[in-house]
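Notes for the structure review
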Amino acid sequence: MRFPMILAAAFTALAATTASAAPASYELRLEGHVPVICRVSLDATTASSAEPTDLGRMTEFCNSASGYEVRLTHAQGLNDAAVYVDGQKIQLSSTGVTLISRSSTAASQSHSLRLDPGADAGQVGDLSVNITAL
């Protein structure tokens, strides 16, 4: 009877040693692929190109990890017109495309826009905003 008791004790000790040798933590990796989505909208539907005008709120969203840029498209050849983004003056480019917002990471932001045509009153033309992932 002594032999089975010794064997049972040895088996119990071996099982306890094996259980305690297992790792204390595990790692689980979950990977997914999300498409890049960028969008921008502007509240205003019309604006005066003859006098300073509030364009409303511009809302931008882009989930690109590298960031994004928002550009305002307008008439070419402007010398004096400007847009104010959250009170900061940005001179409109004579090329017809002006960078008005940039983020180096994914973001969701909202900005107040105001157009000041200055001496270029009546020449600003149609305005549009475009967002591009970087």
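Quick look at the structure, then. (Residues numbered from 1 in each chain as written. Predicted model: local features only at pLDDT ≥ 70, side-chain atom pairs only at ≥ 80, totals over all residues. Heavy atoms only, no water.)

With that out of the way, let us pick up the layout of surface pockets. Counted as a void, the largest pocket has a volume near 220 Å³. If you trace the largest pocket, you find 15 residues lining it, with Thr 45, Thr 46, Ala 47, Asp 126 and Leu 127 closest to the centre. The residue makeup of the lining of the largest pocket, split by class, is eight nonpolar, six polar and one charged. (1 Å grid on protein atoms, 1.4 Å probe; cavity = no way out; pocket = protein on both sides within 12 Å on 5 of 7 lines; lining within 4 Å. Points joined across faces, edges and corners; volume = space filled by probe spheres on them. Nonpolar A, V, L, I, M, F, W, Y, C, P; charged D, E, K, R; others polar.)

Turning our eyes to something else, we now look at unusual backbone geometry. When glycine is set aside, most residues are seen to have a negative phi, and most peptide bonds are trans. Phi at Asp 86 is positive, roughly 50°, even though this residue is not glycine. Looking at where Asp 86 falls in the secondary structure, it is placed in the loop between β4 (82-85) and β5 (88-91). Judged by relative accessible area, which is 41%, Asp 86 ranks as partly exposed. (Helix = DSSP H or I, 4+ residues; strand = E, 2+ residues; numbered from the N terminus. Buried < 20%, exposed > 50% of the residue type's maximum accessible area, 1.4 Å probe, protein only.)

With that settled, consider the sheet that holds strand β2 (residues 53-62). Here five strands make up an open sheet; going across it, the order is β1-β2-β7-β4-β5 and the pairing antiparallel. Unpaired on one side and paired on the other, β1 (38-42) and β5 mark the two borders of the sheet. Strand after strand, the sheet turns through a mean of 25° between neighbouring axes, direction not considered. With four bridges connecting them, β4 and β5 associate as antiparallel partners. Paired with Val 85 across the bridge in β5 is Gln 88. (Pairing = 2+ DSSP bridges. Axes fitted to C-alpha atoms, helices over the stretch in contact; angles between N-to-C directions.)

This part covers the environment of Ile 100. Position of Ile 100 among the secondary structure elements: in strand β6 (residues 97-103). Those residues in contact with Ile 100 that sit more than four places away from it in its chain are Met 58, Val 70, Arg 71, Leu 72, Val 83, Val 85, Ile 90, Leu 113 and Val 129. (Contact = heavy atoms within 4.5 Å.)

Two orientations exist for strands paired in a sheet by backbone hydrogen bonds: parallel and antiparallel. Strand order across the open sheet formed by three strands is β6-β3-β8, with antiparallel pairing between neighbours. Looking at which strands have only one partner, the edges of the open sheet turn out to be β6 and β8 (128-133). Along the sheet, successive strands turn relative to each other by an average axial angle of 25°, direction set aside. Alignment of strand β3 (residues 68-73) against β8, held across six bridges, turns out to be antiparallel.

By size, the foremost hydrophobic cluster in this structure holds 19 residues, and its most contacted members are Met 58, Val 70, Val 83, Leu 92, Ile 100, Leu 113 and Val 129. Counting residues per element, the ones that place at least two in this core are β2, β3, β4, β7 (107-116) and β8. Apart from the residues lying within four places of it in its own chain, the contact partners of Leu 113 are Leu 42, Asp 54, Leu 55, Gly 56, Met 58, Val 83, Tyr 84, Val 85 and Ile 100. (Core = buried A, V, L, I, M, F, W, Y, C linked by side-chain atoms within 4.5 Å.)

As a further point, take the environment of Gln 91. Among the secondary structure elements, Gln 91 is positioned in strand β5. For Gln 91, a relative accessible area of 37% translates into the label partly exposed. Sequence-wise, Gln 91 and Asp 116 are 25 residues apart; in three dimensions their C-alpha atoms are separated by 9.5 Å. Reaching out from Gln 91, the side chain makes a polar contact with the backbone oxygen of Asp 80 at a distance of 3.2 Å. (Polar contact = N/O pair within 3.5 Å; in protein donor to acceptor, adjacent residues only side chain to side chain.)

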